[in-house]
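Inside the fold
Okay, here's what each chain looks like letter by letter:
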Amino acid sequence: MNIYASPPKRVAFFLMSIFLLFQSIKFGSLLFEISNIHWAVQILLAFIINICFTGVFAFAGFALPTENLMPQKYYKIHDAKKLKYWFKKLGVEAFRKFLLATVWRKKEMQKDYFNGKIDGISSFEQGTKKSEFGHLIPLILITVFCVFLIKTKMWILIILTMIINIIFNFYPIPLQRHHRMRLLRMKKIMQGRNRK
């Protein structure tokens, strides 16, 4: 199972990523020059900021092995009990169910991510790393951007941008780590069966 798109699509995704990068920079710098934006426009802008910033890394991830920009030790699960605790405490399971009911509701899409077979485990694991990286960097960048936005005093924009950022960029991180933890358990079970 290949987690990358076909070569023509990869080129298109890469170009889309570059386009969104320039739009994010242009759009971001423009916000510091404008003041007194209507509250309704601030709500719209909060969604646009998150879409643009996250889109840069999402499209880049479809085209390139962006997950390799982080050291492999970052992706390792060091404390499974702590991960389970925070997964439950933060309500990540509810977020997972929300994704399955909306974005990932089609069985074909779920099979593209993981086909349920042994040969799909390594692709699924790589996919979790790709997804985690694709949300980690926007999470950091949007948070930093919101800190700088404080001087504009556009509080609706700042607060809503951060809420969206936390839901759609923070929550996928523990979710992907939880996936890898379960994959590790599956690998150990399979290795035990092969030894018998």
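Residues numbered from 1 in each chain as written. Predicted model: local features only at pLDDT ≥ 70, side-chain atom pairs only at ≥ 80, totals over all residues. Heavy atoms only, no water.

Points about the nonpolar core
Where a protein is soluble and globular, its nonpolar side chains tend to be buried together. Definition in use: We define a nonpolar core as any set of buried Ala, Val, Leu, Ile, Met, Phe, Trp, Tyr and Cys residues linked to one another through side-chain atoms lying within 4.5 Å. Throughout, exposure labels follow a simple rule: accessible area from a 1.4 Å probe, protein chains only, divided by the maximum for the residue type, with under 20% read as buried, over 50% as exposed, and the rest as partly exposed. Strands are runs of DSSP state E lasting at least two residues, helices are runs of H or I lasting at least four, and both sets are numbered from the N terminus onward. Contacts were defined at the residue level, with two residues in contact if any of their heavy atoms lie within 4.5 Å.
Counting 16 residues, the largest nonpolar core has L31, L45, I49, F145, L149, M154 and L157 as its most contacted members. If you list the elements that add at least two residues to this core, you get α1 (7-31), α2 (39-63), α7 (121-149) and α8 (155-170). Residues within four places of M154 in sequence aside, it is in contact with L31, I34, I37, Q42 and L149.

Considerations on α2
Every α-helix winds through 3.6 residues per turn, so residues three or four apart in the chain are directed the same way. Under the convention used in this document: In this analysis, the expected span of each helix is defined as 1.5 Å times one less than the number of residues it contains. We define the bend at each residue as the angle formed by axes fitted to the 7 residues ending at it and the 7 residues starting at it.
Between its first and last C-alpha, α2 extends 37 Å over 25 residues, near the 36 Å set by a 1.5 Å rise per residue. The principal kink in α2, of about 35°, is found at G55.

Some thoughts on the environment of F53
When you line up the elements, F53 lands in helix α2. When the C-alpha positions of F53 and L139 are compared, they lie 8.9 Å apart, and in sequence the two are 86 residues distant. Beyond its immediate sequence surroundings of up to four residues, F53 is in contact with S24, P138, L141, I142 and F145.

Some points on the pattern of salt bridges
Quick note on the threshold: Each reported salt bridge corresponds to a side-chain nitrogen of Lys or Arg within 4 Å of a carboxyl oxygen of Asp or Glu.
Per the stated rule, a full pass over the model turns up 4 salt bridges. Residue K130 pairs with E67 through a salt bridge whose shortest N-O separation is 2.8 Å. Highlighted residues: K130 in helix α7 and E67 in the loop between α2 and α3 (72-75), separated in sequence by 63 residues. One exposure class covers both K130 and E67, and it is buried. Residues R180 and E132 are paired through a salt bridge, measuring 2.6 Å at the closest nitrogen-oxygen approach.

Some words on a nonpolar patch on the surface
The following threshold applies: Within this analysis, patches are made of residues with over 30% relative accessible area and no salt bridge. Like charges are joined at 9 Å or less; nonpolar side chains (Val, Leu, Ile, Met, Phe, Trp, Tyr) at 5 Å or less. Areas reported here follow the Shrake-Rupley algorithm with a probe of radius 1.4 Å; residue values treat only the protein chains shown as occluding.
A grouping of V11, F14, L15, I18, L21, F22, I25 and L64 is seen on the molecular surface, where their side chains present a nonpolar patch of about 720 Å² in accessible area. Mapping V11 onto the fold places it in helix α1. Judged by its relative accessible area of 49%, V11 is partly exposed.

Purely geometric stuff here, so don't read any function into it on its own.
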